Amino acid sequence: MILPIVAYGAKVLKKKAQVVDLQDPKLPAFIADMWETMYAASGVGLAAPQVGKPQRIFLIDAAPFADDESLDPSEQKVLADFKKVFINPTILSETGATWPFNEGCLSIPNIREDVMRPDQLRIRYTDADFKEKEESYSGLAARVIQHEYDHIEGVLFTDRLSSLKKRLLKGKLSQIANGKVDVDYVMRFPNDLKL
Ligand code: NI
């Protein structure tokens, strides 16, 4: 089932999400709905708060980035195979030089900005088979994880911009919150409902 994606301005996007109960019998169906929702919106990542659930879970399919010919073949291969669910993740460390990448977000349609983040990270999480994993990522794979992890901490990429950039975007962001945005997937706007 495709779930509406919550737009910028909703309180659920600013909240630190809660630990997921792995025994919850509804969890597998919720994960399936998140995949369906993400693909319907042509996203590479989706976090539970973006569908209105303040839970520590996000999923990523980075395959669309694998076609980027500016990347070296080994990174393209990693991205092509990077389809994962992260449940109750903890980023253990972030290392390496910070670098800019032009980020976008399904909750903030039609806005893209360069965001600086460290190149490498180590993360512990529970996977789709409910197994505990600890892994290292770098480059674009790390980048997508960092963006999605921010969502479960109640942080949006726009929070990481300079105060000048934030001021310049203010008008566009309030238009999104008010539903004045052209988007080809189903969204729910904060002023429609008390989210
Ligand atoms: Ni996002």
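Just so it is clear, the model here is predicted, and its values are computed rather than measured.

**What to know about the packing of aromatic side chains**
Within this structure, the stated rule accounts for eight aromatic pairs. Ring centres of F82 and Y137 lie 5.3 Å apart, and the angle between their planes is 20°; this geometry places the pair in the stacked category. One end of the pair, F82, is in the loop between α2 (73–80) and β4 (83–105); the other, Y137, is in strand β6 (residues 132–138), and 55 residues separate them in sequence. Of the two residues, F82 and Y137, neither departs from the other in class, the shared state being buried. With a centroid separation of 5.9 Å and an interplanar angle of 55°, the aromatic rings of W99 and F101 are classed as tilted. Above the ring of F30, the side-chain terminus of K53 is found at 5.6 Å from the ring centroid. In this structure, R143 packs its charged tip against the face of W99, placed 4.5 Å from the ring centre.

**Considerations on the coordination of the nickel ion**
Coordination of the nickel ion by the protein comes from C105 (SG), H147 (NE2) and H151 (NE2), over a distance range of 2.1 to 2.3 Å. Every donor residue of the nickel ion comes from the same chain, spaced as C-x41-H-x3-H. Taken together, the residues span a long stretch of sequence, with C105 in strand β4 and H151 in helix α3 (residues 139–152) at a distance of 46 residues. Look at C105 and you get buried, because its relative accessible area is 9%.

**Quick notes on the nonpolar core**
As a rule of thumb, soluble globular proteins bury nonpolar side chains together. Ranked by internal contacts, the top residues of the largest apolar core, which has 36 residues, are I31, M34, L46, I57, L59 and I108. Contributing elements (two or more residues each) for this core: β1 (5–6), α1 (27–40), β3 (57–61), β4, β5 (108–126) and α4 (163–177). In terms of residues, this core owes the most to one element, α1, which gives six residues. Contacts of I57, omitting those with residues within four sequence positions, involve V20, L27, F30, I31, M34, A47, A48, V85, F86, I87 and I152. Residues A47, F82, L121 and A142 belong to the second largest nonpolar core, which totals 23 residues.

**Topic: the sheet that holds β4**
In any sheet, the strands associate via hydrogen bonds between backbone groups, in a parallel or an antiparallel arrangement. Here five strands make up an open sheet; going across it, the order is β2-β3-β4-β5-β6 and the pairing antiparallel. Both edges of this open sheet fall to β2 (45–47) and β6, since each of them pairs with a single strand only. Each adjacent strand pair in this sheet contributes to an overall mean axis angle of 45°, direction not counted. Here β5 pairs with β6 via seven bridges, running antiparallel. Among the inter-strand pairings, L121 is bridged to a residue of β6, identified as Y137.

Conventions we followed
- Residues numbered from 1 in each chain as written.
- Predicted model: local features only at pLDDT ≥ 70, side-chain atom pairs only at ≥ 80, totals over all residues.
- Heavy atoms only, no water.
- Phe/Tyr/Trp six-rings, centres within 6.5 Å; stacked < 30°, edge-to-face > 60°.
- Helix = DSSP H or I, 4+ residues; strand = E, 2+ residues; numbered from the N terminus.
- Buried < 20%, exposed > 50% of the residue type's maximum accessible area, 1.4 Å probe, protein only.
- Lys NZ or Arg CZ within 6 Å of the ring centre and 35° of its normal.
- Donors = N, O, S within 2.8 Å, 3.2 Å for Na, K, Ca; no water.
- Core = buried A, V, L, I, M, F, W, Y, C linked by side-chain atoms within 4.5 Å.
- Contact = heavy atoms within 4.5 Å.
- Pairing = 2+ DSSP bridges.
- Axes fitted to C-alpha atoms, helices over the stretch in contact; angles between N-to-C directions.

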